[in-house]
Amino acid sequence: MHYLMIEDDEDKARTVQEFIRTHYPSSSCSIAKSLNGGLRALISGQGTVDLVLMDMSMPNYDVTPDEPSGGTPESFAGQELLAQMKLRGIEIPVIIITMFDKFGEKKGKISLEQLAHNLHTEYGKTYKGYVYYNAAQEGWKPSLRKLIDAHMKEQS
């Protein structure tokens, strides 16, 4: 299994990668760190990427000397990537891995469960579920493993 991880938090990315390496030793990984970097990787990775693990909130651009912050953080960057995938006919399964349980600003703020329902309704063909990640707890690991195992079973 070759997966694309779209994640701007290096500690979270490293921890998730270590978990996957332990449980799926034959897997390989490509990494993108922003909305635009993820979109480029998705477009160029068609046919080689089996699964996408992505954050929901991330910067618009990769961090560079010209763009040291990566641009404005986007609360719904993962949703935008799913929309771009749908628009381009990219049907790679996606699992969202997020550290947040609320998204958006004041009036438009929604819960992770509401967001998951919206994603399933709009992108049910590619959206496979979410994992609530917390570095201080282990609960995310069985959740992620269950979703990856379900994906691998569908592929065989």
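The text that follows walks through the structure, step by step, so that each part is easy to find. (Residues numbered from 1 in each chain as written. Predicted model: local features only at pLDDT ≥ 70, side-chain atom pairs only at ≥ 80, totals over all residues. Heavy atoms only, no water.)

**Points about empty space enclosed by the protein**
For step 1, the next point in the chain: Enumeration according to the criterion identifies one cavity of 30 Å³ or more in this entry.
For step 2, the next point in the chain: Its boundaries defined by the atoms lining it, the largest cavity holds a volume of some 40 Å³.
For step 3, the next point in the chain: Of all the secondary-structure elements, those providing two or more residues to the lining of the largest cavity are β1 (2-6), α1 (10-23) and β3 (51-54).
For step 4, the next point in the chain: Split into classes, the residues belonging to the lining of the largest cavity amount to six nonpolar, no polar and three charged. (1 Å grid on protein atoms, 1.4 Å probe; cavity = no way out; pocket = protein on both sides within 12 Å on 5 of 7 lines; lining within 4 Å. Points joined across faces, edges and corners; volume = space filled by probe spheres on them. Helix = DSSP H or I, 4+ residues; strand = E, 2+ residues; numbered from the N terminus. Nonpolar A, V, L, I, M, F, W, Y, C, P; charged D, E, K, R; others polar.)

**Re the nonpolar core**
For step 1, the next point in the chain: By size, the foremost hydrophobic cluster in this structure holds 28 residues, and its most contacted members are Ile-6, Leu-42, Val-52 and Met-54.
For step 2, the next point in the chain: Of all the secondary structure elements, the ones that give two or more residues to this core are β1, α2 (35-44), β3, α3 (77-88), β6 (94-98) and α4 (112-123).
For step 3, the next point in the chain: Of all the elements, α4 adds the most residues to this core, at five residues.
For step 4, the next point in the chain: Not counting residues up to four positions away in its chain, the partners in contact with Met-54 are Ile-6, Gly-78, Leu-81, Leu-82, Met-85, Val-94, Ile-95, Ile-96 and Ile-97.
For step 5, the next point in the chain: In this structure, Met-5, Phe-19, Ile-20 and Ile-97 belong to the second largest nonpolar core, which totals 17 residues. (Core = buried A, V, L, I, M, F, W, Y, C linked by side-chain atoms within 4.5 Å. Buried < 20%, exposed > 50% of the residue type's maximum accessible area, 1.4 Å probe, protein only. Contact = heavy atoms within 4.5 Å.)

**Examining the side chain of His-2**
For step 1, the next point in the chain: Secondary-structure assignment places His-2 in strand β1.
For step 2, the next point in the chain: For His-2, a relative accessible area of 17% corresponds to the buried category.
For step 3, the next point in the chain: Polar side-chain contacts of His-2 include one of 2.6 Å to the side chain of Ser-28. (Polar contact = N/O pair within 3.5 Å; in protein donor to acceptor, adjacent residues only side chain to side chain.)

**Re the sheet that holds β6**
For step 1, the next point in the chain: Taking strand neighbours across the sheet as the criterion, the five strands line up as β2-β1-β3-β6-β9 in an open arrangement whose pairing is parallel. Strand pairing shows two members of the sheet lacking a second neighbour, β2 (28-32) and β9 (127-132), which therefore form its edges. Taking the axes of each pair of neighbouring strands and ignoring which way they run, one obtains an average angle of 20 degrees across the sheet.
For step 2, the next point in the chain: Where β1 meets β3, four bridges bridge the pair, whose relative direction is parallel. The residue of β3 that forms the bridge with Ile-6 is Met-54.
For step 3, the next point in the chain: The sheet contacts of α1 involve β1, β2, β3 and β6, and relative to β1 the element is tilted by about 160 degrees.
For step 4, the next point in the chain: Packed onto the sheet, helix α5 (residues 140-155) meets β3, β6 and β9 and runs at close to 165 degrees relative to β9. (Pairing = 2+ DSSP bridges. Axes fitted to C-alpha atoms, helices over the stretch in contact; angles between N-to-C directions.)

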